[in-house]
Amino acid sequence: MKNIYIALFFSGIGVLAFSAQAEQPNDTQICEDWASKAGSYMLFRQMNTPIQEAMENAMGNVTRGLLLSAYQQPVEETNEGKQKAIDDFKSQTYQECILQME
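Remember, predicted model here, so these are calculated numbers, not experimental data.

K.L.:
Explain the state of the cysteines to me, please; I cannot follow it from the model alone.
P.N.:
In a disulfide, the sulfur atoms of two cysteines are covalently bonded to one another. Overall, the coordinates contain 1 disulfide when judged by the stated rule. Disulfide pairing places C31 opposite C97 at an S-S distance of 2.1 Å. One disulfide, between C31 and C97, carries an S-S torsion of -75° and so falls in the left-handed class. One end of the pair, C31, is in helix α2 (residues 27-46); the other, C97, is in helix α5 (residues 79-101), with 66 residues separating them in the sequence. In this structure C31 comes out as buried when scored by relative accessible area, which is 0%.

K.L.:
In this structure, what is going on with unusual backbone geometry? I would like to understand it.
P.N.:
The phi torsion of most residues other than glycine is negative, and most of the peptide bonds are trans. Its identity is not glycine, yet N48 carries a phi of approximately 60°, on the positive side. With respect to the element layout, N48 can be found in the loop between α2 and α3 (51-55).

K.L.:
Explanation requested: the pattern of salt bridges in the structure shown.
P.N.:
As a working rule, side chains carrying opposite charge can pair if their charged atoms are close by. Across all of its chains, the model carries 1 salt bridge by this definition. Among the ionic pairs, D88 bridges to K84, the shortest N-O distance being 2.7 Å. Taken together, the residues D88 and K84, both in helix α5 and 4 residues apart, mark about one turn of the helix. By relative accessible area, which is 37% here, D88 ends up partly exposed. Taking the relative accessible area as the measure of exposure, K84 reaches 51% and is therefore exposed.

K.L.:
So what exactly am I meant to see when it comes to the side chain of Q46 here?
P.N.:
As for its placement among the helices and strands, Q46 is situated in helix α2. On the accessibility criterion, Q46 (3% relative accessible area) is buried. A distance of 3.1 Å separates a polar side-chain atom of Q46 from the backbone oxygen of P74. Not counting residues within four places of it along the chain, the set of residues in contact with Q46 comprises P74, V75, E76, K82, A85 and I86.

K.L.:
I tried to follow the packing of α2 against helix α4 (residues 60-71) on my own but got confused; where do I start?
P.N.:
Two packed helices can be described by the angle between their axes and the distance between those axes. With their axes 9 Å apart at the nearest point, α2 and α4 run at an angle of 45° to one another. The orientation of α2 with respect to α4, classified from their angle, is oblique. α2 and α4 meet at a crossing whose hand is right-handed. Where α2 approaches α4, its residues W34, K37, A38, Y41, M42, F44 and R45 are matched on the opposing element by V62, T63, L66, L67, A70 and Y71. Its residues assigned to classes, the contact of α2 with α4 shows 10 nonpolar, 1 polar and 2 charged.

How each quantity is defined
- Residues numbered from 1 in each chain as written.
- Predicted model: local features only at pLDDT ≥ 70, side-chain atom pairs only at ≥ 80, totals over all residues.
- Heavy atoms only, no water.
- Disulfide = S-S within 2.5 Å.
- Helix = DSSP H or I, 4+ residues; strand = E, 2+ residues; numbered from the N terminus.
- Buried < 20%, exposed > 50% of the residue type's maximum accessible area, 1.4 Å probe, protein only.
- Salt bridge = Lys/Arg side-chain N within 4 Å of Asp/Glu carboxyl O.
- Polar contact = N/O pair within 3.5 Å; in protein donor to acceptor, adjacent residues only side chain to side chain.
- Contact = heavy atoms within 4.5 Å.
- Axes fitted to C-alpha atoms, helices over the stretch in contact; angles between N-to-C directions.
- Parallel < 35°, antiparallel > 145°, perpendicular 65-115°, else oblique.
- Left-handed = near helix turned anticlockwise from the far one by under 90°.
- Nonpolar A, V, L, I, M, F, W, Y, C, P; charged D, E, K, R; others polar.

By themselves, these observations are geometric and do not establish any function.
Here it is as structure tokens:
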């Protein structure tokens, strides 16, 4: 199931990247935007926000796939662990997005 959401997410990024190319001269900005969304979604997860409430902030299948990926991660016990989970998820999302742009 996780692989389905990840595949939807990255196929959606490709579509968004293609459509945003005319609007955005810089591919890294697109990936920075996705990383920012990823950070927000992982913050919801680490705050133990109910997924139904978090879904209200996710519009479209691609962003929902990203949200669901965040919710497949465990909630960390310490503030440091929570921040690391957020930072790692943002970084992973950014790196995977950049790879899709190549």
